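Working through the structure, step by step
In case you want the letters, here they are:
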Amino acid sequence: MSESSAGAGDIVAAAAATTAAGWRRAGVAGAAIGVLAAGAAAGVAVERLTVGRGMRKKARLALDATGPYGSLRGTPGRALADDGTELYYEVDEVEPPQAADRNGSAESAPGPATASGTRRRRLFGRKAPAPVTVVFSHGYCLGQDSWHFQRAALRGLVRAVYWDQRSHGRSGRGRAQADGVPVGIDQLGRDLKAVIDAAAPEGRIVLVGHSMGGMTMMALADQYPALIRDRVAAVAFVGTSSGKLGEVNFGLPVAGVNAVRRVLPGVLRALGSQAELVEKGRRATADLFAGLIKRYSFSSKDVDPAVARFAERLIESTPIDVVAEFYPAFTEHDKSGALPAFRDVPVLILAGEKDLVTPSSHSEAIADVLPDAELILVPDAGHLVMLEHPETVTDRLADLLVRGGAVAAANVGEHGSTAQQPGRR
């Protein structure tokens, strides 16, 4: 073994031991968390042998500057939740009949020409039907920009609403939470109803939700079954769960994860009460957190570094006190009883086979309740499957939109093939 290799091993061992030691003071739960932290620290230690801090910082800045991810914007709007929380959303409208196509040329819609040379559709007093609106709901510690690739592909093709859940992204901090009221999935369902009322008050809708966003849709169905029956044209559940999240082991040993579950809510509350101090610590240990984020977001070894950095930025932007106040809602979440409300519409259920946060078995459980749904399990994909394998996700969404009547089949060809995908059932 060369001297440099031995030195690397010593640094890795020291970093792992130092990181884990601090957690061991918290007992078995701390040791379990320490396994993950030590592993990430070891990776960071190896990186630091060859990559200096200044270079790593420059690399991050370069990725932030050149990556287009999260740059798409629509017409802004705000809805008020039932507790007064301001919810931010954006609308991407369908391109008008006479507009520049994707190659820059203009095409006029068919219809009689007027004296001025423009074309007009006469409805003779009848109101034009409202277009189908696709409403995208994001997951925990993310934001509407997590749908970047799907938004880019569908932009101008369908009317779409992207919104930030309370206390996330550009939405306001939960008013009820400021008064000490815990966040519940039912509250998120009511928030979604407020967004629909404001951004898509009429016409058919397609609901698309990732992780917590899918749970939000289930809560909507539980509280507003008539809305689902009368207006929903199709539904997509991406990497989500209808319950039993308290049994997920996150890739940890069973004994360790049980201990983690007992202490983690209290630990998060304590961290949330020292939010400013913790945020400084997060910035100081950015490399370590980047390793943990990558482990729990992706499965592919060759994921685009700019995409990984984009996910890192999304998650880092969620304040620790928000992380703390949302976490307990997931162990209490149980909306399997609401799933039958979706039996009469086309349903897509899609998940990464190697998702450690909401395992694919949870998607299979949803499919058991909705046997007519299309179930897609994407190989070599983790929790952020829509960022890791965007073509597959967009392809299946495009097919769902056709089945739900949101778009004509002839318009989706360039957005993804409808050929059979690996893992399709």
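In what follows, the accompanying structure is described. Note that the structure is predicted; figures quoted are calculated from it, not measured.

Conventions adopted
Residues numbered from 1 in each chain as written. Predicted model: local features only at pLDDT ≥ 70, side-chain atom pairs only at ≥ 80, totals over all residues. Heavy atoms only, no water. Pairing = 2+ DSSP bridges. Helix = DSSP H or I, 4+ residues; strand = E, 2+ residues; numbered from the N terminus. Axes fitted to C-alpha atoms, helices over the stretch in contact; angles between N-to-C directions. Contact = heavy atoms within 4.5 Å. Core = buried A, V, L, I, M, F, W, Y, C linked by side-chain atoms within 4.5 Å. Buried < 20%, exposed > 50% of the residue type's maximum accessible area, 1.4 Å probe, protein only. Phe/Tyr/Trp six-rings, centres within 6.5 Å; stacked < 30°, edge-to-face > 60°. Lys NZ or Arg CZ within 6 Å of the ring centre and 35° of its normal.

Examining the sheet that holds strand 6 (residues 159-163)
In sheet architecture, strand pairing relies on hydrogen bonds along the backbone and comes in two forms, parallel and antiparallel. The strand order across the open sheet formed by eight strands is 1-2-6-5-7-8-9-10, and the pairing between neighbours is mixed. In this open sheet, the two strands that pair with only one neighbour each are strand 1 (75-80) and strand 10 (374-378). When the angles between neighbouring strand axes are averaged without regard to direction, this sheet yields 20°. As paired strands, strand 9 (residues 347-352) and strand 10 are joined by five bridges and run parallel to one another. Looking across to strand 10, one finds that I349 is bridged to L375. Relative to the sheet, helix 7 (residues 212-223) contacts strand 5 (133-137), strand 6, strand 7 (205-210) and strand 8 (232-238), its axis offset from that of strand 7 by approximately 135°. The strands that helix 14 (residues 360-369) touches are strand 8, strand 9 and strand 10; relative to strand 9, the one it contacts most, it runs at about 165°.

Details of the nonpolar core
F136 and V206 are the most contacted members of the largest nonpolar core, which totals 45 residues. Beyond its immediate chain neighbours, meaning those up to four positions away, F136 contacts W147, L154, A160, V161, Y162, W163, V208 and L397. Core analysis: the next-biggest nonpolar cluster, separate from the first, contains 38 residues, V91, V135, L192 and L220 among them.

Quick word on the packing of aromatic side chains
All told, the structure shown has seven aromatic pairs when counted by the stated rule. Measuring from ring centre to ring centre gives 5.2 Å for Y69 and F149, while their planes differ by 55°; the resulting arrangement is tilted. You can see Y69 sitting in the loop between helix 3 (53-66) and strand 1 and its partner F149 sitting in helix 4 (residues 148-154), a full 80 residues away along the chain. Given the relative accessible area of 13%, Y69 is considered buried. Ring pairing ties together the aromatic residues Y69, F149 and F310, which thus form one cluster. The ring of Y224 has K193 lying over it, and the distance from NZ or CZ to the ring centre is 5.2 Å.

A few points about unusual backbone geometry
Positioned with a positive phi, C141 is a non-glycine residue whose angle comes to about 65°. Along the polypeptide, C141 turns up in the loop between strand 5 and helix 4. Taking the relative accessible area as the measure of exposure, C141 reaches 8% and is therefore buried. A positive phi angle, near 55°, is found at D380, a position not held by glycine. By the secondary structure assignment, D380 is in the loop between strand 10 and helix 15 (385-388). Judged by its relative accessible area of 32%, D380 is partly exposed.

Distances and angles like these do not, on their own, reveal function.
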